[in-house]
Amino acid sequence: MTLQQRITDKLSALRACMAQEGLDGLVITDHTDQFYILGFHFAPGEAVFLVHDGRLVCFARELYVHPLKEKYPFIDAVGADKGAAARAIELAGRLGLKRVGFDAGKENYMTGSLFKAAGFVEADSFISRLRKVKDEHEAALLRDSCRIAYQTYLYIRPLLQTGVTEFEVAAEMEKFMRMKGASSTSFDTIVAFGENGANPHHVTSRRALKENDAVLMDFGCVYEGYCSDITRCWWHGNEEPAEYTKIWNLVDKARRTGVAAEAPGVAAQKVDAAARAVITDAGYGEYFTHRLGHGVGLEIHEEPCNDQTTRAVLKKGNVVTVEPGIYLPGKFGVRLEDTTLITDTGAEILTKE
Ligand SMILES: [Mn+2]
């Protein structure tokens, strides 16, 4: 499929959303949403899109106009170093658009006020809705991104030696991901040794690895704009405590149960419940202190989420994590996480070789 066809498809899906709300125009200012439509990376606040009648007009800083015209000769790219939002409002007026929406959930106060004053209406996050279901092109990029993350785990695991610090391990992992083509990490790499692993959001530190220590690493990369997320844990040394083995196996069983529960048509809440029951039934429920998982795509946390309160129903093309954990304060923690793609019949683990 050509780039132009992919963009046309996204614009027609967007048009269908707009039609449902009676909109004949839509402004897009969120830079991640802009990347979703175009595959072009603008810094935040550097462009405003006006979509109308299946067409896209892009008001952007002058420096973007030439690269835009080269890559996307089929869209209108207009230089606007200042006042891109005002230019979009002006064009909507000139075109005689009757009902123009903006994403009220994402708009900043200043630009949103301009749109309101121009009579634009607060619309739903249509693009967030579309972004939940990945097309084949996106699924392939997510698969690549997750493969790089998994390969990083395979690469780093045998390199860990007593005395190495969390910082050193994280640096080595990040270098490996860059060399595989990642543009950045998808969030700050977490490397946690020993008791640090009992904090689910531990900040990587100078802590050195001891002989007989727990290891936890939670990380991912951004590849061609798409994020990956994986967590792996193991015991470093020959004297693995029985309690560590016990909770590792429980968390692994919860992870496998969660993945097995995922399928199109299944309530995401039930996936969380299925995995959580494994841990709760074994008496560790109070030590599993977070949701089971979250959607992954252009952002590391997006919809839908596998949690206890969501009303989301999984669909083919959703990409969600399954990441149960047990955290024993002062001792260690175990979290095992895979990123999964919902298929026709179930779920495929993407964090693999
Ligand atoms: Mn995660």
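Residues numbered from 1 in each chain as written. Predicted model: local features only at pLDDT ≥ 70, side-chain atom pairs only at ≥ 80, totals over all residues.

> How would you explain the sheet that holds strand E3 (residues 55–60) if you had to name every residue and give the values?
Across the sheet, six strands lie side by side as E4-E3-E2-E1-E5-E6; this open sheet has mixed pairing. Taken across any chain shown, the strands that pair with only one partner, and hence form the sheet edges, are strand E4 (76–79) and strand E6 (121–123). Strand-to-strand twist of the sheet, defined as the mean angle between neighbouring strand axes without regard to direction, takes the value 25°. Here strand E1 (residues 25–28) runs beside strand E5 (residues 100–103); their pairing, made up of three bridges, is parallel. Directly across from Leu26, in E5, lies its bridge partner Gly101. (Pairing = 2+ DSSP bridges. Helix = DSSP H or I, 4+ residues; strand = E, 2+ residues; numbered from the N terminus. Axes fitted to C-alpha atoms, helices over the stretch in contact; angles between N-to-C directions.)

> Tell me about the sheet that holds strand E12 (residues 230–236), and name the residues and values.
Read from one edge to the other, the open sheet built from three strands follows the order E8-E9-E12, with strand pairing classed as antiparallel. Two strands close off the open sheet at either side, each with one partner strand: strand E8 (190–193) and E12. Averaged over all adjacent pairs, the angle separating strand axes in this sheet is 10°, with direction ignored.

> Tell me about helix H8 (residues 166–179), and please be specific about residues and values.
Two residues of an α-helix separated by three or four positions point the same way, owing to the 3.6 residues in each turn. When the terminal C-alpha atoms of H8 are compared, their 20 Å separation across 14 residues agrees well with the 20 Å that a helix rising 1.5 Å per residue should span. As for H8, its buried residues are in contact with helix H7 (136–156), strand E7 (184–185), E8, strand E9 (213–219) and strand E10 (221–223). Of the residues flanking the end of H8, it is Gly181, one or two places downstream, whose phi is positive at about 105°. (Expected span 1.5 Å × (residues − 1). Contact = placed C-beta atoms within 7 Å.)

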